[in-house]
Amino acid sequence: MRVAITGAAGFLGSHLTDRFLADGHQVVGLDNFLTGQAANVAHLAADANFQLVDQDVSDPFTVAGPLDGVLHFASPASPPDYQRFPLETLRVGSVGTSNCIELARAKGARFFLASTSEVYGDPTVHPQPESYWGYVSSVGERSMYDEAKRFAEATTMAYHRSCGVDTRIVRIFNTYGPRMRPRDGRVVSNFVVQALRGEPLTVYGHGQQTRSFCYVSDLVEGIYRLFHSDRIEPTNVGNPGEFTMLELAALVLELTGSGSILEHRPMPPDDPKQRQPDITIAKAVLHWEPQVPLRDGLGRTIDYFRTVVADGC
Ligand code: UDP
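### What to know about the site of the ligand
- N190, T202, R211, D271 and R275 are the nearest of the 18 residues found near the ligand.
- Contacts to the ligand include V187, whose backbone N or O atom sits 2.8 Å from an oxygen atom.
- Interatomic distance of 2.6 Å between a backbone N/O atom of T202 and a nitrogen atom of the ligand.
- In isolation the ligand exposes 520 Å². Once the protein is present, 96% of that is buried.
- Breaking the shell around the ligand down by element, the ones donating at least two residues are helix 6 (187-197) and strand 8 (201-204).

Right, dumping it as structure tokens:
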């Protein structure tokens, strides 16, 4: 197969690129490096099956040659990033998604959308099944991301229903692992880098809010299986293991052996209080469930960040 992956220099896009290449496929990676990092794909520079194109997919573009798949992973994804780039985030979810689906349509390729658990907003149903419609503010501090992804899902289904485009949608829950940007503002990268540098761990609010963290290799496996499956409807992929931010902070301190203290900061507006994927469908349809417990995945992530911090991030 030959596939195009947008956001290929990002955290998830680069791991997904590795996965397709490992199975002998060809990948055309597109990235505008707004939040992606060239270093994430530097190891592929000499790989004849990989081509990297500097492209903002919100602008008109095409890819020369045949394609079997277009996987749309381009978007700022951490709250500080999408709040810093609100218009870019709305554009890549709306215009960017249409551009990518039109590319897939022109090539007769399968389109795959990276959506998010943020479509559930600050959920009133727990855990969140795909059938839950969500509780989202259309004007709040996260609306540029949540509504962009909801619009992207609607666009994908419209192209599927009205134009017969072959589509897939994954709803990705919190994911962590090597290649996260050390200062991307997400909780795992923040806590690990702070612990390694001996800085206070910044716990927002009382730290009782929960998230469910999936190690990146598990997530990529779920995505790969969904891409190859027949399932059109959105599918949750994530790890149901649910932790408070205080529990996460304690585990990071234990695994790093850091003496950092906790420093409570104000809770950001519209921060979801709880989040946990219901993965009943992924288990049944994809025969997939996560294999890497948080303790193990954090250990691997800490090893990665040790080298990054040693390089002076
Ligand atoms: N968080 C925190 N300290 C940080 C960064 C984040 O306590 O330094 C909290 C944040 O308020 C949220 C949770 O950790 O409740 C997860 O935040 P993240 O940005 O990683 O992901 P998202 O909110 O998009 O799930």
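From this point, things continue past the structure.
### Section: empty space enclosed by the protein
- Considering all chains together, one arrives at 1 cavity of 30 Å³ or more under this definition.
- Forming the walls of the largest cavity are H72, A74, S75, T89, V92, G93, T97, L113, Y145, A148, K149 and A152.
- Contributions of two or more residues to the lining of the largest cavity are made by helix 3 (86-93) and helix 5 (143-163).
- When residues of the lining of the largest cavity are assigned to their parent elements, the largest contribution, 4 residues, is made by helix 5.
- Taken together, the residues of the lining of the largest cavity sort by class into 6 nonpolar, 5 polar and 1 charged.

### Remarks on the packing of aromatic side chains
- In total, this model carries 10 aromatic pairs according to the counting rule given.
- Ring plane angle 10° and centroid distance 6.0 Å describe the contact between F73 and F112, whose orientation is recorded as stacked. Of this pair, F73 sits in the loop between strand 4 (69-72) and helix 2 (79-84) while F112 sits in strand 5 (residues 110-116), and the two are 39 residues apart along the sequence.
- Residue F73 is classed as buried on the basis of its relative accessible area of 10%.
- Here F112 and F227 contribute two aromatic rings whose centre-to-centre distance is 6.2 Å and whose plane-to-plane angle is 45°, an arrangement assigned as tilted. Highlighted residues: F112 in strand 5 and F227 in helix 7 (residues 216-228), separated in sequence by 115 residues.

### A short note on the pattern of salt bridges
- Per the stated rule, a full pass over the model turns up 23 salt bridges.
- Here D59 makes a salt bridge to R91, at a shortest N to O gap of 3.4 Å. With D59 in the loop between strand 3 (50-54) and strand 4 and R91 in helix 3, this pair connects stretches of sequence that are 32 residues apart.
- A relative accessible area of 32% means that D59 is categorised as partly exposed.
- With a relative accessible area of 36%, R91 lands in the partly exposed category.
- A salt bridge links D122 to K273; the shortest N-O distance between them is 2.6 Å. Remark: K273 occurs in the loop between strand 13 (262-265) and helix 9 (280-286) and D122 occurs in the loop between strand 5 and helix 5; sequence separation between them is 151 residues.
- You can call K273 exposed: its relative accessible area is 54%.

Rules of the game
- Each chain has its residues counted from 1, running along the sequence as written.
- Given that the model is predicted, a residue must reach a pLDDT of at least 70 before its local features are reported, and side-chain atom pairs must reach 80 or more before they are shown or counted; all residues, however, enter totals for whole chains, interfaces and linings.
- Based on all heavy atoms of the structure, the side-chain values leave hydrogens and waters out of the count.
- Being near a molecule or strand, for a residue, comes down to having at least one heavy atom within 4 Å of it.
- Any pair of N or O atoms that falls within 3.5 Å is considered a polar contact. Within protein, one atom must be able to donate a hydrogen and the other to accept it, and sequence-neighbouring residues count only if both atoms are side-chain atoms.
- What sets the accessible areas is the Shrake-Rupley method with a 1.4 Å probe; for residues, cover comes only from the shown protein chains.
- Helix and strand assignments come from DSSP, with helices taken as H or I runs of at least 4 residues and strands as E runs of at least 2, each series counted from the N terminus.
- Residues are called lining when one of their atoms sits within 4 Å of a cavity or pocket point, these points coming from a 1 Å grid over the protein atoms alone, where a cavity is a set in which a 1.4 Å probe fits but cannot get out and a pocket is an open set with protein on both sides within 12 Å along at least five of seven lines.
- Grid points are joined across faces, edges and corners, and a volume is the space filled by probe spheres set on the points.
- Any residue outside Ala, Val, Leu, Ile, Met, Phe, Trp, Tyr, Cys, Pro, Asp, Glu, Lys and Arg is labelled polar, Gly included; the first ten of those are nonpolar and the last four are charged.
- Stacked, edge-to-face and tilted are the three classes for Phe, Tyr and Trp ring pairs, Trp counted by its six-membered ring, which pair at centre distances within 6.5 Å; planes under 30 degrees apart are stacked, over 60 edge-to-face, the rest tilted.
- Summary of the burial criterion: residues with accessible area below 20% of their type's maximum are buried, those above 50% are exposed, and those between are partly exposed, where the area comes from a 1.4 Å probe applied to protein chains only.
- Any carboxyl oxygen of Asp or Glu within 4 Å of a side-chain nitrogen of Lys or Arg constitutes a salt bridge here.

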